[in-house]
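# Observations on the three-dimensional arrangement
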Amino acid sequence: MSGVPVRSSLGRRFGSVAGQVFVLQVAIVVLLAAGALLALVLQSRHDIDREARNRSVSVAQTFAKSLGLREALKAPDPSAVLQPLAEETRKAAGVDFIVVMDTHGIRYSHPQPDRIGERFVGTIEPSLAGQVHTESVQGPLGKEIQAIVPVDSPEGDVVALVSAGLTVKSVTGIANRQLPVFLLSIAGGLALATIGTALISRRLRRQTHGLGTQEMTRMYEHHDAVLHAVREGVLITDGEGRLLLANDEAGRLLDLPDDAEGRPVDEVGMDRRMADLLLSGRTATDEVLEAGDRLLVVNQRPTRPGGRPQGSAVTIRDSTEMQLLSSRAETARRRLKLLYDAGGDIGTTLDVVRTAEELADVAVPRFADFVTVDLADPVLNGDEPGPGSDMRRTAVNGIRSDHPLYPLGSLIGFLPSTPQARGYGTGAVELVPDLRDAPGWHAQDPRRTSAIVDYGIHSLIAAPLKARGVVLGVVNFWRSQKPEPFDEDDLSLAEELVGRAAVTMDNARRYTREHHLAVTLQRSLLPRDLPEQSAVDVAHFYQPAQSGVGGDWFDVIPLPGSRVGLVVGDVVGHGLHAAATMGRLRTAVHNFSSLDLPPDELLARLDNLVQRMDQEGDSTAPEGGVLGATCLYAVYDPVSQNCTMARAGHMPPLVVAPDGTTTISELPAGPPLGLGGMPFESMELRLAEGSQLVLYTDGLVEERSRDISEGLERLRTALSHPDRDPKASRRAVLDALLPGQPSDDIALLIARTRTLGPGRVAQWDVPFDPSEVGAMRSRAAEQLEEWGLEELAFSTELILSELITNAIRYGAAPVHVRLLRDRTLTCEVWDSSSTAPHLRYAAGMDEGGRGLFLVAQISEHWGTRYTPEGKVIWAEQVLPSAGRPLS
């Protein structure tokens, strides 16, 4: 290359830079001039605005202090005096308006006479307080700048206001008149700056062309060294198809001769396709061409070298080795991506079947064309597989659905010669490169294996699912579309992929086993059939959480006196511990209810029990004890129709009146069980016959997708129908609230109240005299005869005789007797003493002590319960008609 073209090119380049510097400097000057102009205009307008405000204040204050203003204000018609005076002053002062107004803002003067008598537009409160106030408002004359000053009386009181001001149009006109001066000044400065910039740019251009020979030679040497040292081929051609420049790398890649420069492109011996691209002159971007055994990446752009007709500048890169490395890197990247995706996509649920399906979904089609997962049959039930277990095809996935592989759900007994049986027995991955040459595999099912080979499936990897030393099954990877068989690299990938999935599969198996155990335990601890009782009609529902059985429970407990206890509770957590804790608490509630304790006292004893359970430090429990439990206990009496309730941190019950009105009971919450230190409060409600009492756990109304208040409102709406029985109400509640995949246990208990009418209850007051016992026996016998229960007359008289005698002898007045005819005949004796009798065995010579013994022998059940007024001793007898209540 000669130095002349280089000097010419450098001259033009520096000339272009000088031009750009000139444009940049001119742009900076213009911006500075525009900024200065804007600043001057803004400052001018600010000054004019300030001057307008000052003038308005001065005019307003002067007019407010003018002689005769106060007298004019006292005139019968102030406007007649003030209007001409204000207009005269306004014109003399050079303002646009002077307005005089009273303290209410009603004008006495205005440049527009028709505005007199109207309310002033502006803020007068500061001036009424004695201040001078300026502001900008949209007034009758347009946008206005006005000042408002007070007119003081000799005593110092504000008797009127004066406003003076200018319109913005007037102020703007002043500024606009000054604008030409500003523009002329800016234009002069801009012209001078432009001339100076042009002189500087000309000088720079002249100095650039003055480079010496030494400097130009050094510049050329540097350019030539860089051009021939880069690992990228560079070619320059002219418009006539001659090769003007080829660096060393281009000569090596294209096998060019030493005298290639200056010769036509099609005569230097380069590959035909490369020559055609150079002669075409078209733009090419990363175009791949084969040149001998090399794979070249070519970029070509049109250019005009030396100002001559259009040519091209071309760069060439050798991508042969890079292509090979990229292919290997891409394969490694895909495999790493597959393993990464497997870590996130496999094991999203603790379900064995779903985990197998996720493994098959991840591997197809990125690793294999078909994937089948065969698990030992016990694994599906959560058990550990034994040797020689049959395989159940648990998951199948492939690029097509018409494959001849064993279908989903098949129970397969693999022969010992098959790779599946060998892998299951040894725990090692088996590779079959060519299924056509696999006699041990063909022996399994010759007809099916032939169909598989004919289908195009030609290679197999059988990888055992091995976790914690136990083989759970085998994963089969089948290849059909890719002609190459599986290789050792694929074997390693399959082993890694299945190894990761096996741990998740084993976790799912263990969870399945624990879940089955917990479900079995939970079902055994919950009531299977609710006991017979006449106080309420009941509908109930229980469903464990999808993630595991928890500790929710419900119960219906018959109590003496035809009463019934209703219970709903919730133990925090899931799994075996929660279910076992629930069973202990349910048993405890049964035991405490047998003592006939009121709800608040029963919860207090249950709270003490939970505290003891925590102190025992159950090693199987998370954190060593019960994490938390709630409970609601209600007792309904069908005779009095009273319902007494207490709750320990549980959700409040809902009461549905016979007319459909649904309310959330304001029952005091109380602390959850196990906290201790705080008493529980009970509340008593009177429920009309046919009312529904709804008890539930928080899993019914609380969900991630909705707030608990929304759930309570849905529950209340679903129950607000008076014509539904408990079962229909239960269906309505579940339709409205039951989630498809509950995250927490759900327990629901709906009880519709019934009453024991007057025809089935007999009660009398007993005079506090032992001689009255006989009369009570006679009344009881008459009542039993009326009920058709003559068979129980003798035993009932004996029971009442003993109980009334004990009440009079050891108790306190008043004494009451009540007979209840329900599923049993209940005899109750009430007195005001809290001392309870005790059953004992009398000696042969003792005169007393046999009464309660006789009562216990004659009756089916007997006991004592305490009331706020004293105690009740009761005894139940089975009715003659198989224990059924008479109608």
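Below is a short write-up of the structure. Since the model is a prediction, treat every value here as computed from it, not as a measurement.

In this section: the pattern of salt bridges. Throughout the structure, instances matching the rule amount to 36 salt bridges. For Asp276, the salt bridge goes to Arg272, with nearest N and O atoms at 3.0 Å. Note that Asp276 and Arg272 are positioned in helix 8 (residues 272-280) at a spacing of 4 residues, about one turn of the helix. A residue is classified by how much of its surface remains accessible, and Asp276, at 40% relative accessible area, is partly exposed. With a shortest N-O distance of 3.2 Å, Asp434 and Arg436 are connected by a salt bridge. Through salt bridges with shared partners, a single network forms among Arg468, Asp506, Arg509 and Arg510.

The strand order 16-25-24-21-22 describes an open sheet built from 5 strands, whose pairing is antiparallel. Among the strands making up the open sheet, the edge pair consists of strand 16 (536-543) and strand 22 (662-664). The average angle at which neighbouring strand axes cross in this sheet is 15°, direction not considered. Relative to strand 21 (residues 654-656), helix 18 (residues 708-719) is tilted by about 20°, and along the sheet it contacts strand 21, strand 22, strand 24 (692-696) and strand 25 (746-753).

Quick look at a nonpolar patch on the surface now. A grouping of Leu24, Ile28 and Leu32 is seen on the molecular surface, where their side chains present a nonpolar patch of about 310 Å² in accessible area. Within the secondary structure, Leu24 is located in helix 1 (residues 3-64). The class for Leu24 is exposed, based on a relative accessible area of 53%.

The next point concerns the packing of helix 15 (residues 576-594) against helix 16 (residues 599-616). Axis separation between helix 15 and helix 16 bottoms out at 10 Å; the angle between their running directions is 145°. Of the two elements, helix 15 crosses helix 16, and the hand of that crossing is right-handed. Contacts between helix 15 and helix 16 involve Thr581, Arg584, Leu585, Ala588, Val589, Phe592 and Ser593 from the first element and Leu602, Arg605, Leu606, Leu609, Val610, Met613 and Glu616 from the second.

Here we take up the sheet that holds strand 7 (residues 284-291). Neighbouring strands of a sheet are bound in pairs by backbone hydrogen bonds; such pairs are parallel or else antiparallel. Pairing within the open sheet is antiparallel, and its 5 strands lie in the order 6-5-9-8-7. Only two strands of the sheet have a single neighbouring strand rather than two, namely strand 6 (243-246) and strand 7. When the angles between neighbouring strand axes are averaged without regard to direction, this sheet yields 25°. Relative to strand 6, strand 5 (residues 233-237) runs antiparallel, the two being bridged by 3 bridges. Paired with Ile236 across the bridge in strand 6 is Leu245.

What counts, and where the lines are drawn
Residues numbered from 1 in each chain as written. Predicted model: local features only at pLDDT ≥ 70, side-chain atom pairs only at ≥ 80, totals over all residues. Heavy atoms only, no water. Salt bridge = Lys/Arg side-chain N within 4 Å of Asp/Glu carboxyl O. Helix = DSSP H or I, 4+ residues; strand = E, 2+ residues; numbered from the N terminus. Buried < 20%, exposed > 50% of the residue type's maximum accessible area, 1.4 Å probe, protein only. Pairing = 2+ DSSP bridges. Axes fitted to C-alpha atoms, helices over the stretch in contact; angles between N-to-C directions. Contact = heavy atoms within 4.5 Å. Patch = residues over 30% accessible without salt bridge, like charges linked within 9 Å, V, L, I, M, F, W, Y side chains within 5 Å. Areas by Shrake-Rupley, 256 points an atom, 1.4 Å probe, with all protein chains shown as cover. Left-handed = near helix turned anticlockwise from the far one by under 90°.

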